[in-house]
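# Chain and residue survey
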2 protein chains.
Amino acid sequence: MEEDLIKSLCGIVGEENVKSDIVDRYCYSMDASLYSSIPDVVVFPQTTDHVSEIMKFANTNGIPVTPRGAATGLCGGAVPLKGGIVIDLSKMNKILEIDLDNFCVRVEPGVIQNELNQVLNKRGFFFPPTPGSKKMCTIGGMISTNAGGMTAVKYGVTRNFVLGLKVVLASGEVLELGGKTLKRSLGLDLLQLFVGTEGTLGIITEALLRIIPLPEETAVIVAPFKDVYEATKTVNSVLSRTVPAAIEIMDRGIIKAVNAYIKELKLPEVEAILYFEVDGTREEVQRQIEIIVETCKKHKSLNVQWTADPEKKLMLWQGREAAGGAIMNLDRRLVRVYEAEDVCVPISKIPDMVKRFQEISKKYGIPVGLYGHAGDGNIHSGVLIDVRNPEEWRKLKNLTREVYETAMSLGGNISAEHGIGALRAEWMRRIHGEGLKYIKKIKEAFDPKGILNPGKLGM
Amino acid sequence: MEEDLIKSLCGIVGEENVKSDIVDRYCYSMDASLYSSIPDVVVFPQTTDHVSEIMKFANTNGIPVTPRGAATGLCGGAVPLKGGIVIDLSKMNKILEIDLDNFCVRVEPGVIQNELNQVLNKRGFFFPPTPGSKKMCTIGGMISTNAGGMTAVKYGVTRNFVLGLKVVLASGEVLELGGKTLKRSLGLDLLQLFVGTEGTLGIITEALLRIIPLPEETAVIVAPFKDVYEATKTVNSVLSRTVPAAIEIMDRGIIKAVNAYIKELKLPEVEAILYFEVDGTREEVQRQIEIIVETCKKHKSLNVQWTADPEKKLMLWQGREAAGGAIMNLDRRLVRVYEAEDVCVPISKIPDMVKRFQEISKKYGIPVGLYGHAGDGNIHSGVLIDVRNPEEWRKLKNLTREVYETAMSLGGNISAEHGIGALRAEWMRRIHGEGLKYIKKIKEAFDPKGILNPGKLGM
């Protein structure tokens with residue numbers, strides 16, 4: 001069987017685009033999560049036709065297929081849990097069209113976010129959704145997880161920027177969805193249906209994305225607070241008057257970790273620091289700075305700093321940028337694990353979520369640093385455990401459960417932008433309730449044999 | 001059977017909320033389209049439980065159910081084509097919660113757009129999507145058609161503002177979807193699935209909507225052009241530098257009709273007039289006016305006028321506001337019919353669409369005036385025929401076909417914001433291609449007996 005499989009795939013994409021030796025397969029057994037599972041074969045299609053032919057073959061033979069972009073996902077979405085074929089889309093990485101008359105670009109799924117923006121920036125445009133992994137992550141992966149990032153406060157998430165998709169279904173059929181218009185009312189919207197489904201309904205082989213003109217100017221404002229509640233109230237007060245591009249938060253744990261990581265930064269070791277980014281015309285940016293500085297001071301921020309100078313901006317952002325890397329400094333004997341790392345709550349509930357998270361961390365003796373996107377209630381966590389100790393894993397599981405229960409009881413959810421993958425698959429029933437029955441029926445309509453990314457999203 | 005039906009419904013909602021005499025039923029046989037069909041009974045639920053009980057009863061007995069808001073729809077979406085039950089949701093019209101801490105409101109589906117905004121405006125907030133029918137249309141209807149309106153250029157369509165939904169399915173089951181967060185990545189998004197499905201998948205009984213702070217100031221800019229191409233190029237040039245809240249256009253036909261309708265307006269009888277609305281902080285508005293006036297002049301606009309004064313603003317808007325009412329003045333012997341009234345094209349294709357539409361109008365001898373949302377390529381038309389002449393209806397059908405073919409060949413679509421309903425049902429296959437098969441499977445998963453709004457959207 002396995003030889004037949006490889007021969008057939010070589011027939012579709014050519015020998016040079018099929019990898020089947022154990023070293024290659026091992027490399028493709030992982031993504032950025034802790035999951036791993038070795039595929040039977042890795043294939044690199046270069047066209048929609050290639051993907052369609054691969055799917056026809058896989059569907060006829062009931063072979064599992066796992067699509068893969070840059071595999072930066074934290075939930076095991078790109079891990080081939082049931083073996084079979086990994087379709088690596090990284091060679092489909094061309095920008096096919098830049099249409100400045102209609103404010104959109106057409107790209108293949110393997111295009112990297114930052115590389116797209118480098119090209120667009122030169123033309124005075126940008127594609128706003130910006131995950132932390134922007135230098136590696138692909139557009140296909142971003143659409144598959146409805147990726148968010150810092151600027152979702154003002155610009156929205158990836159879903160809001162997807163104008164069109166070419167999708168290959170389990171059967172090999174190709175759907176062309178959407179187009180270069182911002183509006184449509186054409187009944188059930190299949191385009192929107194595919195966003196965020198992590199390759200369980202089809203494989204994206206082309207995307208039409210909305211782009212927007214670069215703002216004239218951007219500025220950064222940094223404000224430390226003695227009290228998490230005051231910091232969060234500031235977020236609400238600011239949003240009542242103006243919409244910044246980004247509002248980020250770091251808690252005491254992360255601040256300490258960052259100070260240990262970059263000695264010369266010397267962040268004030270307070271309960272919370274807020275970072276704001278504003279953009280727009282020069283006049284607009286000035287006005288937003290005024291509003292935000294005034295609001296921060298009203299909420300007892302200790303020492304508000306701001307700048308529109310490009311170099312100074314980078315310096316001010318440095319603290320927030322270092323958060324991810326600094327987390328290991330919470331305790332150097334422990335390892336960061338990605339669990340309970342992406343909860344989202346209504347913004348008024350951020351202080352409750354932060355406080356409860358810190359209490360749960362204390363209860364289980366697991367160090368946790370909190371940071372993230374305060375402007376949309378999305379809190380990321382750095383959770384550290386001794387990965388060689390099974391007892392720590394058990395504690396982690398309980399901590400995660402309590403954190404998720406807390407987020408949901410506050411009216412929030414358990415993943416804002418990272419997705420479900422394998423990591424949160426067992427939570428699908430809790431999240432969707434009776435709706436899960438219908439989600440499964442839709443899955444069955446598109447993929448009756450269940451070959452598309454099996455083992456993910458509770459499918 | 002009919003008596004049993006009425007008795008059962010009275011048992012659920014009380015006698016006073018069931019109407020079955022012929023006069024009432026006749027009133028509920030229509031919406032704002034030309035379709036009509038008399039229902040067996042009209043029922044006014046007041047709670048989600050009511051709707052759920054009605055659906056259980058209808059599903060058990062295979063009775064068609066047509067949900068209805070204010071029935072302002074132009075495509076027959078609220079007309080009970082197969083008889084059965086009309087569920088009028090106009091008594092479910094309470095604003096249930098205003099949560100300014102989390103920038104959202106929870107409403108029943110019968111709440112009227114403008115009434116919601118009157119309440120919100122007093123608190124310094126607004127709900128941006130604004131259809132022309134804002135003084136009558138309901139939130140439930142807006143969600144069901146993914147309504148757009150003038151301000152979609154800057155703020156987006158209804159879909160972008162729906163945070164949560166309570167939906168009653170054909171089975172009577174109730175799904176609670178979404179929540180008070182702006183971000184989620186939880187797999188297949190049922191919330192998004194229901195938007196724009198015109199009551200064919202379920203009945204919305206509650207909605208959680210995103211709201212935003214009122215801008216400090218708004219202003220209007222009006223610019224006449226000798227040439228439609230120059231007007232459209234202006235739209236693109238402006239959008240490359242700044243995003244106004246609205247960009248509207250009227251063609252020569254509509255301008256003439258408006259001048260005949262309001263004698264003292266004396267609009268310049270040119271090929272096209274553009275209307276811009278800008279909003280934001282005072283500084284931002286001033287800057288946007290500068291950019292737009294400068295850009296219009298560069299594109300040879302004849303006499304650009306602008307104002308931020310509330311009274312003068314109303315005066316300047318008067319021309320555009322009168323467009324709908326003025327259309328009859330194109331030819332007073334004829335009647336306006338709603339066909340080919342909502343096409344959408346990529347904005348660079350507006351001049352081609354306008355020119356082709358005018359040519360098709362001439363070819364069939366059917367007077368047409370064009371206006372609409374230039375900022376998102378959505379062109380509305382006023383089409384006039386002698387409704388007593390069957391030959392005119394045949395011509396209209398051909399005109400419509402040619403207009404739709406043109407819109408699609410330009411990369412656009414046949415409805416931006418009005419929907420499909422019965423009017424465009426036969427176009428579903430052309431619009432969705434192979435995708436229609438999957439849309440029908442999803443419909444079947446949610447409504448196996450096909451009782452929800454039958455005869456619409458090709459279902």
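Residues numbered from 1 in each chain as written. Chains lettered and ligands numbered in written order. Predicted model: local features only at pLDDT ≥ 70, side-chain atom pairs only at ≥ 80, totals over all residues. Heavy atoms only, no water.

## Re the overall build of chain A
Looking only at helices and strands, one finds 16 helices and 19 strands in chain A. The globule rule puts the C-alpha radius of gyration for 459 residues at 23 Å, and the 23 Å found for chain A is close to it. For chain A, with 459 residues in total, the buried portion stands at 64%. Within chain A, residue pairs in contact and separated by at least 24 positions form 72% of the contacts whose partners lie at least 6 positions apart. Per element, the accessible surface of chain A, about 17,100 Å² overall, is 50% carbon and sulfur. Computing the positive centroid from 57 side-chain charges and the negative centroid from 57, chain A places the two 5 Å apart. (Helix = DSSP H or I, 4+ residues; strand = E, 2+ residues; numbered from the N terminus. Rg over C-alpha atoms; globule rule 2.2 N^0.38 Å. Buried < 20%, exposed > 50% of the residue type's maximum accessible area, 1.4 Å probe, protein only. Contact = heavy atoms within 4.5 Å. Areas by Shrake-Rupley, 256 points an atom, 1.4 Å probe, with all protein chains shown as cover. Lys, Arg positive; Asp, Glu negative; His and termini not counted. Charge placed at Lys NZ, Arg CZ, Asp CG, Glu CD.)

## Here's the deal with the domain arrangement of chain A
How big an interface is tends to be reported as the loss of accessible area on association of its parts. Residues and elements named next belong to chain A. Along its sequence, chain A is organised into domain 1 (3-88), domain 2 (95-213) and domain 3 (215-418 + 429-448). Put simply, the middle of domain 1 and the middle of domain 3, counted by C-alpha atoms, are 35 Å apart. Taken together, the contact between domain 1 and domain 3 spans 4 residues of the former and 5 residues of the latter. Taken together, both faces of the contact between domain 1 and domain 3 bury some 410 Å²; the carbon and sulfur share is 75%. (Domains from an automatic or database assignment. Buried area = accessible area lost by both parts, 1.4 Å probe.)

## Side note on the relation of the copies chain A and chain B
Both copies of the chain are placed relative to one another by a rotation about an axis and a shift along it. When chain A is fitted to chain B, the residual RMSD is 0.0 Å, and the transformation amounts to a turn of 180° plus an axial shift of 0.0 Å. Taken together, the turn and the small shift mark the pair as related by a two-fold rotation axis. Most of the interface of chain A is mirrored in chain B, where 100% of its interface residues again form contacts. (Least-squares fit on C-alpha atoms with pLDDT ≥ 70 in both.)

## Overview of the interface of chain A and chain B
Facing 74 residues of chain A, the contacting portion of chain B comprises 74 residues. Summed over both partners, the interface of chain A with chain B comes to about 5,900 Å²; 60% of that surface belongs to carbon and sulfur atoms. Contact with chain B buries surface across chain A, with Lys183, Leu186 and Leu188 of chain A losing the most and accounting together for 15% of the total. At the junction of chain A and chain B, the tally comes to 12 salt bridges. A salt bridge links glutamate 216 of chain B to arginine 287 of chain A; the shortest N-O distance between them is 2.8 Å. (Salt bridge = Lys/Arg side-chain N within 4 Å of Asp/Glu carboxyl O.)

## Things to note about the sheet that holds strand β3 (residues 65-68) of chain B
Residue and element names in this part refer to chain B. If you walk across this open sheet you meet the 4 strands as β1-β2-β4-β3, and the pairing is mixed. With one partner strand each, in any of the chains shown, β1 (18-19) and β3 form the two edges of the open sheet. Pairing of β1 with strand β2 (residues 41-43), which is carried by 2 bridges, proceeds in the antiparallel orientation. Each bridged residue has a counterpart across the sheet, and for lysine 19 the counterpart in β2 is valine 42. In the packing of helix α1 (residues 2-13) onto the sheet, the strands contacted are β1, β2 and β4 (85-88), and the crossing angle to β2 comes to about 5°. Along the sheet, helix α3 (residues 48-61) contacts β2, β3 and β4; its crossing angle with β4, the most-contacted strand, is approximately 170°. (Pairing = 2+ DSSP bridges. Axes fitted to C-alpha atoms, helices over the stretch in contact; angles between N-to-C directions.)

## Some words on the environment of glutamate 391 of chain A
Residues and elements named next belong to chain A. Examined against the element boundaries, glutamate 391 turns out to sit in helix α14 (residues 390-409). On the basis of relative accessible area, glutamate 391 is assigned to the partly exposed category, the value being 39%. A distance of 3.2 Å separates polar atoms of two side chains, one belonging to glutamate 391 and the other to arginine 394. (Polar contact = N/O pair within 3.5 Å; in protein donor to acceptor, adjacent residues only side chain to side chain.)

## Let's talk about helix α13 (residues 350-364) of chain B
All names here are of chain B. A rise of 1.5 Å per residue sets the reference length of α13, with its 15 residues, at 21 Å; its end C-alpha atoms lie 21 Å apart and thus fit the reference within 8%. Taken together, the buried positions of α13 are occupied by Ile350, Pro351, Met353, Val354, Phe357, Ile360, Ser361 and Tyr364. Elements that come into contact with the buried residues of α13 comprise α8 (228-239), β17 (343-344), β18 (368-373), β19 (378-385) and α14 (390-409). At the exit of α13 stands glycine 365, carrying a positive phi of roughly 65°. (Expected span 1.5 Å × (residues − 1).)

## Concerning the pattern of salt bridges
Side chains carrying opposite charge are able to pair once their charged atoms draw close together. Tallied over the entire structure, the rule returns 70 salt bridges over all chains. Across the pair lysine 395 of chain A and glutamate 392 of chain A runs a salt bridge, and its minimum N-O distance is 3.6 Å. Within this pair, lysine 395 of chain A and its partner glutamate 392 of chain A are both found in helix α14, separated by 3 residues, close to a single helical turn. Residue lysine 363 of chain B is joined to glutamate 402 of chain B by a salt bridge in which the shortest nitrogen-to-oxygen separation is 2.5 Å.

## A word on the packing of helix α1 (residues 2-13) of chain A against helix α3 (residues 48-61) of chain A
Residues and elements named next belong to chain A. Packing of α1 against α3 brings their axes to within 9 Å, and their N-to-C directions diverge by 155°. The angle between α1 and α3 places the two elements in the roughly antiparallel class. Considering how the two elements wind past one another, α1 and α3 form a crossing that is right-handed. Residues Asp4, Leu5, Ser8, Leu9, Ile12 and Val13 of α1 lie in contact with α3, whose contacting residues are His50, Glu53, Ile54 and Phe57. When grouped by side-chain class, the residues that make up the contact of α1 with α3 number 6 nonpolar, 2 polar and 2 charged. (Parallel < 35°, antiparallel > 145°, perpendicular 65-115°, else oblique. Left-handed = near helix turned anticlockwise from the far one by under 90°. Nonpolar A, V, L, I, M, F, W, Y, C, P; charged D, E, K, R; others polar.)

## Some words on the packing of aromatic side chains
Under the defined criterion, the tally for this structure stands at 16 aromatic pairs over all chains. Ring centres of tyrosine 438 of chain A and phenylalanine 446 of chain B lie 4.7 Å apart, and the angle between their planes is 10°; on these two criteria the pair is classed as stacked. Residue tyrosine 438 of chain A is located in helix α16 (residues 435-446), and its partner phenylalanine 446 of chain B is located in helix α16 (residues 435-446); the two belong to separate chains. Accessibility assignment for this pair places tyrosine 438 of chain A and phenylalanine 446 of chain B in one class, buried. (Phe/Tyr/Trp six-rings, centres within 6.5 Å; stacked < 30°, edge-to-face > 60°.)

## Here we look at the packing of helix α13 (residues 350-364) of chain A against α14 of chain A
Residue and element names in this part refer to chain A. Contact geometry for α13 and α14: axes closest at 10 Å, N-to-C directions at 160°. Looking at the two axes, α13 sits roughly antiparallel to α14. In the packing of α13 onto α14, the handedness of the crossing is right-handed. The residues of α14 that touch α13, namely those facing Met353, Arg356, Phe357, Ile360, Ser361, Lys363 and Tyr364, are Lys395, Asn398, Leu399, Glu402, Val403, Thr406 and Ala407.

## Considerations on a nonpolar patch on the surface
Where nonpolar side chains cluster on the molecular surface, the patch consists of Ile22, Val23, Tyr26, Met30 and Ile38 of chain A and spans about 460 Å² of accessible area. Mapped onto the fold, methionine 30 of chain A is located in the loop between α2 (22-27) and β2 (41-43). (Patch = residues over 30% accessible without salt bridge, like charges linked within 9 Å, V, L, I, M, F, W, Y side chains within 5 Å.)

## Things to note about the sheet that holds strand β8 (residues 162-168) of chain A
Residues and elements named next belong to chain A. What the 5 strands build is an open sheet, ordered β5-β6-β10-β8-β9; its pairing is antiparallel. Single-partner strands in this sheet number two, and they are β5 (95-99) and β9 (174-178). The sheet shows a mean angle of 10° between the axes of neighbouring strands, direction not considered. By the bridge criterion, 6 bridges tie β8 to strand β10 (residues 203-210) in an arrangement that is antiparallel. Among the inter-strand pairings, glycine 164 is bridged to a residue of β10, identified as leucine 208. With respect to the sheet, α3 is in contact with β8, β9 and β10, its orientation differing from that of β8 by roughly 45°.

## What about the pairing of strand β19 (residues 378-385) of chain A?
All names here are of chain A. In terms of burial, β19 is a largely internal element, 8 of the 8 residues being buried. Side-chain alternation along β19 places Asn378, His380, Gly382 and Leu384 on one buried face and Ile379, Ser381, Val383 and Ile385 on a second face that is also buried. Relative to β19, strand β16 (residues 335-337) runs antiparallel, the two being bridged by 3 bridges. For arginine 336, the partnering residue across the bridge sits in β19 and is leucine 384.

## Things to note about α3 of chain B
Between its first and last C-alpha atoms α3 of chain B spans 20 Å; for 14 residues at 1.5 Å apiece the expected length is 20 Å, and the two agree. Where α3 of chain B ends, the next residue or the one after it, glycine 62 of chain B, has phi of about 60°, a positive value.

## A few points about unusual backbone geometry
What you tend to see is this: most non-glycine residues have negative phi, and most peptide bonds are trans. Its identity is not glycine, yet lysine 300 of chain A carries a phi of approximately 65°, on the positive side. Note on placement: lysine 300 of chain A falls in the loop between α10 (282-298) and β15 (305-307).

## Things to note about the environment of glycine 458 of chain A
Residue and element names in this part refer to chain A. When you line up the elements, glycine 458 lands in the segment after α16. Classification of glycine 458 as partly exposed rests on a relative accessible area of 31%. In this structure, the C-alpha to C-alpha distance between glycine 458 and arginine 429, residues 29 residues apart in sequence, is 8.2 Å. If sequence neighbours within four positions are ignored, glycine 458 has contacts with Ala425, Met428 and Lys440.

## Quick notes on the state of the cysteines
Under the criterion given, the structure shown has 0 disulfides over all chains. With no disulfide of its own, cysteine 104 of chain B lies 12 Å from the sulfur of cysteine 344 of chain A, the closest cysteine sulfur. Note on cysteine 104 of chain B: relative accessible area 1%, which makes it buried. (Disulfide = S-S within 2.5 Å.)

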